[in-house]
Amino acid sequence: CSGSVADSPLPVEERVDRAELLGHVEYLASDELEGRFPGSEGGLKAREYIISHFETYGLSAFGDTWEQPFTHEGLSAANIVGYVEGRVNPDRYIVVTAHFDHLGIRDGEIYNGADDNASGTGGLLAAARWFGENPPDNSLIFVALDAEEQGLRGAFHFVDQPVVPLEEMVLNVNMDMISNNFDNQIYASGTWHYEFLRPVIEASVRTSPVEVRFGHDNPSGRGQDWTTMSDHYAFHRVGIPYIYFGVEDHDYYHTPGDTYEQI
């Protein structure tokens with residue numbers, strides 16, 4: 001992907017507005033959004049927030065709407081979809097995904113979902129901002145997915161009702177839980193299935209202050225196999241290569257303690 005973040009001469013702190021990125025996470029994980037349950041008032045506020053930033057960052061919509069609505073077991077949900085056209089290969093798409101939904105309110109407690117997955121949505125918005133101003137060679141589709149916690153429903157809907165032909169989607173980059181690890185580690189999972197991605201990632205993170213590890217993708221290996229555990233699985237299922245950035249589970253996972261203050 002010539003023209004990628006990895007190729008930029010600018011250091012990461014000049015490509016990413018730290019305060020803005022943290023502001024995304026703080027707002028999405030705030031009590032005001034009540035855990036972003038699909039179709040809830042908080043979920044609708046999250047949609048509006050993402051759409052407003054896609055517009056601000058200069059992304060384009062497919063058709064006349066940013067929303068890709070769907071229903072699941074009575075839930076009214078919607079993915080938010082925008083794109084940046086590639087300078088050289090406009091019909092070759094890398095799909096960048098992060099789910100913005102979480103568990104809502106349970107037993108009177110708000111499950112804010114800061115790491116899961118306000119963090120990934122913040123990362124998606126930061127990438128959208130950079131590439132909206134600096135289009136790469138290949139086109140990028142940015143998808144904020146809904147109803148991941150209900151069985152990856154938004155991702156399955158996106159793949160089942162694609163905005164461009166599936167054969168034009170060459171890669172999925174998925175971010176789900178990227179902010180909470182006490183050892184300063186994150187995993188790039190998926191290279192067991194798609195070995196050609198490993199040297200690309202190794203070159204991209206050579207100077208990263210965060211330790212980027214590989215694993216959690218071999219069904220016969222040690223530890224959890226994350227192949228089916230987040231939205232990238234919908235792409236993998238139809239043969240689209242993926243890389244999934246995420247941290248290992250922590251004490252705050254799927255608890256009311258997953259708040260902005262813990263990331």
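Small disclaimer: the values here were computed from a predicted structure and weren't measured.

**Some points on the overall build of the protein chain**
In terms of helices and strands, the protein chain carries seven helices and ten strands. Taking 263 residues into account, the globule formula puts the C-alpha radius of gyration at 18 Å, and the protein chain, at 17 Å, falls close to it. In the protein chain, 77% of the contacts between residues at least 6 apart in sequence involve partners at least 24 apart. When the 15 positive and 43 negative side-chain charges of the protein chain are each reduced to one mean point, those points stand 5 Å apart.

**Comments concerning the nonpolar core**
The biggest cluster of nonpolar side chains holds 45 residues, and the ones touching the most others in it are Ile50, Phe54, Leu59, Ile80, Leu124 and Phe142. It is helix α4 (residues 114–133) that provides the largest number of residues to this core, a total of eight residues. Residue contacts for Phe142: discarding those within four places in its chain leaves Phe54, Leu59, Ile80, Val81, Gly82, Val84, Val96, Leu124, Ala127, Ala128 and Phe131.

**With respect to the sheet that holds strand β8 (residues 185–189)**
Here eight strands make up an open sheet; going across it, the order is β1-β2-β6-β3-β7-β10-β8-β9 and the pairing mixed. One side of each edge strand has no neighbouring strand; the edge strands of this open sheet are β1 (67–72) and β9 (211–214). With direction set aside, neighbouring strand axes in the sheet form an average angle of 25°. Here four bridges tie β8 to β9, and the two strands are oriented parallel to one another. Each residue of the ladder has a partner; that of Ala188, found in β9, is Phe214.

**Looking at the pairing of β8**
Counting buried positions along β8 gives five out of five residues, so the element sits mostly inside the fold. Burial along β8 is two-sided: the face carrying Gln185, Tyr187 and Ser189 and the face carrying Ile186 and Ala188 are both buried. Crossover β8 to β9 through helix α6 (residues 197–204) is right-handed. Direction of pairing for β8 relative to strand β10 (residues 242–246): antiparallel, over a ladder of three bridges. Considered in β10, the bridge of Tyr187 is made with Gly246.

**Description of the environment of Glu26**
Note that Glu26 resides in helix α2 (residues 18–28). Residue classification places Glu26 among the partly exposed positions, given a relative accessible area of 42%.

**Overview of the confidence of the model for the protein chain**
On average, residues of the protein chain score 95 in pLDDT, and 97% of them are at 70 or above. Within the protein chain, no element has a lower average pLDDT than helix α1 (residues 12–15), which sits at 77, and none a higher one than strand β6 (residues 138–145), at 99. Predicted confidence is poor over residues 1–6, with pLDDT under 50, and the contacts of this stretch with residues over four places away or in other chains come to 16 contacts.

How each quantity is defined
Each chain has its residues counted from 1, following the order in which its sequence is written. Reporting in this predicted model follows two pLDDT cut-offs: at least 70 for local features of residues, and 80 or more for side-chain atom pairs to be given and counted; totals over whole chains, interfaces and linings ignore these cut-offs and use all residues. To obtain the side-chain values, all non-hydrogen atoms of the structure were included, while hydrogens and water were left out. Where helices and strands are cited, they refer to DSSP runs of H or I of at least four residues and of E of at least two residues respectively, numbered from the N terminus. The globule rule is 2.2 Å times the number of residues to the power 0.38, and the radius of gyration it is compared with is taken over C-alpha atoms. Contacts are assigned to residue pairs that have any heavy atoms within 4.5 Å of one another. Charge counting treats Lys and Arg as positive and Asp and Glu as negative, with His and both chain ends excluded. Taken as the charge centre is NZ of Lys, CZ of Arg, CG of Asp or CD of Glu, depending on the residue. Among buried residues, those of type Ala, Val, Leu, Ile, Met, Phe, Trp, Tyr and Cys that are joined through side-chain atoms within 4.5 Å constitute a nonpolar core. Whether a residue is buried, partly exposed or exposed follows from its accessible area with a 1.4 Å probe, protein chains only, as a fraction of its type maximum: under 20%, in between, or over 50%, in that order. Criterion used throughout: strands pair if DSSP finds at least two bridges between them. Inter-axis angles, ranging from 0 to 180 degrees, are taken between N-to-C directions of lines fitted to C-alpha atoms, where helices are fitted over the stretch in contact. Crossover handedness is defined here as right-handed if the route from the first strand over the helix to the second strand goes clockwise, with the strands pointing away from the viewer. One number per residue, pLDDT, summarises how confident the predictor is, and it ranges from 0 to 100.

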